[in-house]
Amino acid sequence: MTERAAPGSREAYRAFEPIETRWADNDVYGHINNVSYYAFFDTAVNRWLIAAGLLDVEAGDPIGLVVETGCRYHASAAFPDRLEAGLRVARLGTSSVRYEIALFSAGEDLAIAEGFFVHVYVDRGTRRPKPLPEAWRETLASLTA
């Protein structure tokens, strides 16, 4: 049996986005349901991309499609917790990006959950992979771990 990885620390992440938990995020066990963590990850990545001027959700090209995702849980959260999502880019390919996201309780140093998304960037119309524009590459490089 392999040993479980310790929670990551805040210093390993390059940017942070606030995440407000909602009443509907709690499940019958009194904590945030696992599916909500993926929504938090998606929200943090896309909010950062929009703020960085890379993502135009209505007309932008390219667009990112999720092709792989995962999460490791270290501790629980519950409504009305305030979380902070740490972001970093672990891999920057020709048309793909592996975003790694950690959720922290506000002000805490150790992650309560760590996950990742791999986005393949595609042409909006054809849905075929498309190389990332140079401006995207330069901006995403600022998140490189």
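Residues numbered from 1 in each chain as written. Predicted model: local features only at pLDDT ≥ 70, side-chain atom pairs only at ≥ 80, totals over all residues. Heavy atoms only, no water.

Undergrad: Any chance you could explain the overall build of the protein here in plain terms?
TA: Within the protein, the regular secondary structure consists of two helices and five strands. Starting at the N terminus and walking to the C terminus, you meet the elements of the protein as β-α-β-β-β-β-α. Computed over its C-alpha atoms, the radius of gyration of the protein comes to 16 Å, within 12% of the 15 Å expected for a compact globule of 145 residues. With respect to the principal axes defined by its C-alpha atoms, the protein has extents near 45 × 30 × 30 Å. Looking at the protein as a whole, 41% of its 145 residues are labelled buried. Of the contacts made within the protein by residues no fewer than 6 positions apart, 71% connect residues no fewer than 24 positions apart. As displayed, the protein offers around 8,000 Å² of accessible surface, 52% of which is attributable to carbon and sulfur atoms. A distance of 5 Å separates the average location of the 15 positive side-chain charges in the protein from that of its 20 negative side-chain charges. (Helix = DSSP H or I, 4+ residues; strand = E, 2+ residues; numbered from the N terminus. Rg over C-alpha atoms; globule rule 2.2 N^0.38 Å. Buried < 20%, exposed > 50% of the residue type's maximum accessible area, 1.4 Å probe, protein only. Contact = heavy atoms within 4.5 Å. Areas by Shrake-Rupley, 256 points an atom, 1.4 Å probe, with all protein chains shown as cover. Lys, Arg positive; Asp, Glu negative; His and termini not counted. Charge placed at Lys NZ, Arg CZ, Asp CG, Glu CD.)

Undergrad: Help me understand the pairing of strand β1 (residues 15-20) in this model?
TA: Regular strands place side chains that alternate from one sheet face to the opposite one. Every second residue of β1 is oriented toward a common face, the buried set being A15, E17 and I19 and the non-buried set F16, P18 and E20. Bridging between β1 and strand β3 (residues 82-92) involves six bridges; their strand directions are antiparallel. Bridging from a neighbouring strand, P18 pairs with E84 of β3. (Pairing = 2+ DSSP bridges.)

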